[in-house]
Amino acid sequence: MAAAMDAAVSGRESMQVAVGRDQTHLQHNSTLNWAEEFVLDLARARKSADLVYSSMGLGNTYRMMGMDSHFSILLHGARKYLPNDGHGLPFQGLVYSSMGFGNTYRMMGMDSHFRYLDTSLVMTAFRNSRHRVFFFDCEGTLAPDQRRLAMMQKNGEELFAAGRPPSGQVQRCLKALLRNPKNTVVILSGRDRTLLQDWFRDVRGIGLCAEHGYYYRLDKLTGDEWGCMCPDADFTWKSVAVELMLQYVKRTQGSFIENKGSALVFQYRDADPDFGQLQAKDLSSHLRQTLNPKP
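Anyway, here's the lowdown on the structure attached to this text. (Residues numbered from 1 in each chain as written. Predicted model: local features only at pLDDT ≥ 70, side-chain atom pairs only at ≥ 80, totals over all residues. Heavy atoms only, no water.)

### Looking at the sheet that holds strand E13 (residues 227-228)
Within the open sheet, the 5 strands sit side by side as E7-E10-E11-E12-E13. Their pairing is mixed. At either margin of the open sheet sits one strand with a lone partner, and together these are strand E7 (132-137) and E13. As paired strands, strand E10 (residues 183-188) and strand E11 (residues 207-210) are joined by 3 bridges and run parallel to one another. Within E11, the residue paired with Leu188 across the bridge is Cys209. (Pairing = 2+ DSSP bridges. Helix = DSSP H or I, 4+ residues; strand = E, 2+ residues; numbered from the N terminus.)

Okay, here's the thing in structure tokens:
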């Protein structure tokens, strides 16, 4: 055994790197550390005793909702769901406003001192400026966020989520902004560049940042070509990662994988939030161990 250990340490450089990595892992992940992390994970997964839990939705939209024990239904013009002070009254000091429709509907509680941005000040600064840059998020801002899994292939190349482009009215507004030479308009999105280019093909001069900026295109910088933050990246890791991620999708109801081109995302927003977060943490640990030392 001693001879084998000596051969491993004094052997090829790649073997020395592997042995050093394993030694570091063992030093920082002892049995005691593993047991402590396991106990902490159990504590995090345990639902709070002072909350009332209720299930909502069906299929991929199924989720567990945790509500305060004083949660009640108030009727004020329309049915609104607000936490209260135990006497049927909303918490003092907060102003409530409804936002969204359907699955995106939510109540927003804001401090009573909250003030909306003064549009007159904004317009004054806008008119006096010589150069203006507008950064717009795409889905969820310019267009409704309706991402859904389209296909599921083992190689991970078809794991794209379907969506809806901005409406014609929104695109006309973007064109109106771009008619002013002082304005620069950039769309930020996690989508791939092909889809973004197709969605905004009729808006000339618009800047596009695909895959959260991994690819970018702006006439003043790149012309009609796409720039890339890391043009020599190796994506062979995706075929390995997607196999492992699919196992977690099977065990986490409501989760799915979204391929963002340069990244694979484990989406669990429609799953039980506590269990989904626990699964995501476990998946992250497994991916680090499996893909190391891949970039």
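### A look at the pairing of strand E15 (residues 264-267)
Side-chain positions along a regular strand alternate between the two faces of the sheet. With 4 bridges joining them, strand E14 (residues 256-259) and E15 adopt antiparallel strand pairing. By the bridge assignment, Asn259 is partnered in E15 with Leu264. In textbook terms, the turn of a hairpin is the stretch between consecutive antiparallel strands, and for E14 and E15 this stretch comprises 4 residues, one of which, Gly261, has a positive phi near 85 degrees.

### Quick notes on the packing of aromatic side chains
Scanning the entire structure with this criterion turns up 5 aromatic pairs. Their ring planes at 10 degrees and their centres at 6.0 Å tell us that Phe134 and Phe136 sit as a pair that is stacked. What makes Phe136 partly exposed here is its relative accessible area of 21%. Connected via pairs of aromatic rings, a cluster forms that spans Phe126, Phe134 and Phe136. In this structure, Arg193 packs its charged tip against the face of Tyr215, placed 3.9 Å from the ring centre. The ring of Phe235 carries Lys238 above its face, with NZ or CZ at 5.9 Å from the centroid. (Phe/Tyr/Trp six-rings, centres within 6.5 Å; stacked < 30°, edge-to-face > 60°. Buried < 20%, exposed > 50% of the residue type's maximum accessible area, 1.4 Å probe, protein only. Lys NZ or Arg CZ within 6 Å of the ring centre and 35° of its normal.)

### Regarding helix H7 (residues 237-251)
Since there are 3.6 residues in each turn of an α-helix, residues three or four apart along the chain are aligned in direction. If you check H7, its first and last C-alpha atoms are 22 Å apart, about what 15 residues at 1.5 Å a residue would give, namely 21 Å. Among all positions in H7, only Trp237, Lys238, Ala241, Val242, Met245, Leu246, Tyr248 and Val249 are buried. Against E14, E15 and helix H8 (273-291) lie the buried residues of H7. (Expected span 1.5 Å × (residues − 1). Contact = heavy atoms within 4.5 Å.)

### Considerations on the pattern of salt bridges
Summed over all chains, the structure comprises 3 salt bridges. A salt bridge links Arg201 to Asp198; the nearest nitrogen and oxygen atoms lie 2.8 Å apart. Look at Arg201 and you get exposed, because its relative accessible area is 54%. Take Asp198: its relative accessible area is 39%, and that puts it in the partly exposed class. Among the salt bridges present, the one from Glu258 reaches Lys260, with a minimum N-O distance of 3.4 Å. (Salt bridge = Lys/Arg side-chain N within 4 Å of Asp/Glu carboxyl O.)

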